[in-house]
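Each chain, letter by letter, is given below.
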Amino acid sequence: MADQKLNNEIKKLKDKLDDLRAIDENDTPMNKEAQAEKSGNCPVVQRRVLKGHFGKIYAVHWAPEGRNLVSASQDGRLIIWNGFTTNKVHAIPLRSSWVMTCAYHPSSKYVACGGLDNICSIYDLPEPGKEPPRPKPYCELAKHDGYLSCCRYVDDRRIITASGDSTCILWDIEQRRADYVFSDHEQDVMSVSIVKDTAMFVTGSVDADAKLWDYRTKKGCVMTYTGHESDVNSVDFFPDGNAFVTASDDSSCRLFDIRAHRQLQQYTDEKVVCGITSVACSKSGAYLFAGYDDYCCYAWDTIKGDLINILSGHENRVSCLGVQSTGDALCTGSWDSLLKIWAH
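Residues numbered from 1 in each chain as written. Predicted model: local features only at pLDDT ≥ 70, side-chain atom pairs only at ≥ 80, totals over all residues. Heavy atoms only, no water.

A. Structural view of the overall build of the protein. Scanning the protein for helices and strands turns up 2 helices and 28 strands. Taken against the 2.2 N^0.38 rule, which gives 20 Å for 344 residues, the C-alpha radius of gyration of the protein at 20 Å falls within 12% of a compact globule. Structurally, the protein occupies a C-alpha span of about 70 × 45 × 30 Å along its principal axes. Expressed as a percentage of its 344 residues, the buried residues of the protein come to 53%. Summarising the internal contacts of the protein: among those between residues at least 6 apart in sequence, 46% fall at separations of at least 24. Each charge class in the protein can be summarised by its mean position, and for the 39 positive and 47 negative side chains these summaries are 5 Å apart. (Helix = DSSP H or I, 4+ residues; strand = E, 2+ residues; numbered from the N terminus. Rg over C-alpha atoms; globule rule 2.2 N^0.38 Å. Buried < 20%, exposed > 50% of the residue type's maximum accessible area, 1.4 Å probe, protein only. Contact = heavy atoms within 4.5 Å. Lys, Arg positive; Asp, Glu negative; His and termini not counted. Charge placed at Lys NZ, Arg CZ, Asp CG, Glu CD.)

Have a look at this one:
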């Protein structure tokens, strides 16, 4: 009797969830709330220009401490920058110039990178006041059968890589071992974002889906989020970890809520018809920044979905961007070989 009552309650909850998912996206509670508010202002302007690369910049990632950042370019180098003084702290020559991603270690001791060599290479960083180490990788993680599109550290000992072979791999760095291969995507995986202090990560793929994973279970994805009509090139978790944003070649960004298992907002403009390469949320979550193929970075009001600022100045596509850990600055990288720092 008790089991029957419990099953009936479960069925009611499932039906309620199905009803909520069927609601028109333009009639969501978020949009109703947004109609009563005015779009916020995002007075961000260019503050610094980082010059030093001689090829297309493909990736950028801020250090956890918030002052330094690493950039990867197809001139075959990783450069560590001081984002405030614009000084080059360190340069690492790579074995392969076809690099597509880079990531800063949580303790700022290493940087990781990868690209068309199918390998995740991890390099030592010099300690302040000491001679830089030899430009030889600390370790190389090889198992993917396709290019490395993205890598992000889970913690000091583990890293997740995404690849064109349609898989992601959780690595034990010390053991140089692949702990688990996540393989639910049907096409190239383009981006990974990890929630700090949780076991959740989200991926975006050429199959036009975003997938949520729990690396503790070492099983299939937890949830698949659909809606995009073309490649999902970039994903980024919302600051509270309960939602994430996506960027796609269909000229739209979208906000998905994990708890509701549905899309909350869409960011499009009829005048913007080019692909989107990268996306990131502001520290407060009030703004969404996205890099476009039309050489601009667009700032959106997260709640209302309105375009509130256009950051122009690059002379080629904005290929990557990232918000500083303290939320004080935004860095954009471009195929024009320049990095630009934007702030209030």
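Moving on from the model shown.
B. Looking closely at the sheet that holds strand β9 (residues 139-142). The sheet built from 4 strands is open, its strands ordered β6-β7-β8-β9 with antiparallel pairing. The open sheet is flanked by β6 (99-104) and β9, the only strands paired with a single partner. Neighbour-to-neighbour, the strand axes of this sheet turn through a mean angle of 20°, independent of strand direction. (Pairing = 2+ DSSP bridges. Axes fitted to C-alpha atoms, helices over the stretch in contact; angles between N-to-C directions.)

C. Structural context of the side chain of Ser319. Note on placement: Ser319 falls in strand β26 (residues 318-323). Every residue in contact with Ser319, bar those within four places of it in the chain, is listed here: Ile57, Tyr58, Thr277, Ser278, Gly333, Ser334 and Trp335.

D. Structural view of the environment of Leu311. Structurally, Leu311 can be placed in strand β25 (residues 307-311). Classification of Leu311 by relative accessible area gives buried; the value is 3%. Separated by 266 residues in the primary sequence, Leu311 and Val45 have C-alpha atoms spaced 7.3 Å apart. Setting aside residues no more than four positions away along its own chain, Leu311 makes contact with Val44, Cys296, Cys297, Leu330 and Trp342.

E. Representation of unusual backbone geometry. A positive phi angle, near 70°, is found at Asn118, a position not held by glycine. On the secondary structure map, Asn118 appears in the loop between β7 (110-115) and β8 (119-124). Of the residues examined, Asn118 reaches a relative accessible area of 22% and is grouped as partly exposed. You will see that Ser166, though not glycine, has its phi angle at about 75°, which is positive. Along the chain, the position of Ser166 falls in the loop between β11 (158-163) and β12 (168-172).

F. Region of the structure containing the nonpolar core. By size, the foremost hydrophobic cluster in this structure holds 18 residues, and its most contacted members are Cys253, Val279, Leu288, Ala290 and Tyr292. Listed by contribution, the elements that provide at least two residues to this core are β19 (243-248), β20 (253-257), β22 (276-281), β23 (287-292) and β24 (297-301). Cys253 has contacts with Thr246, Ala247, Gln265, Gln266, Tyr267, Ile276, Val279, Leu288, Ala290 and Tyr292, leaving out every residue within four places of it along the chain. Core analysis: the second largest hydrophobic core is formed by 15 residues, Ala59, Leu78, Cys102 and Tyr123 among them. (Core = buried A, V, L, I, M, F, W, Y, C linked by side-chain atoms within 4.5 Å.)

G. Examining the sheet that holds strand β17 (residues 223-225) more closely. What the 4 strands build is an open sheet, ordered β14-β15-β16-β17; its pairing is antiparallel. Looking at the sheet topology across the chains shown, the edges are occupied by β14 (189-194) and β17. In this sheet, neighbouring strand axes are inclined to one another by 20° on average, regardless of whether the strands run parallel or antiparallel. Across 5 bridges, β14 lies against strand β15 (residues 200-205) in antiparallel orientation. Pairing of Val189 across the sheet is with Ser205, part of β15.

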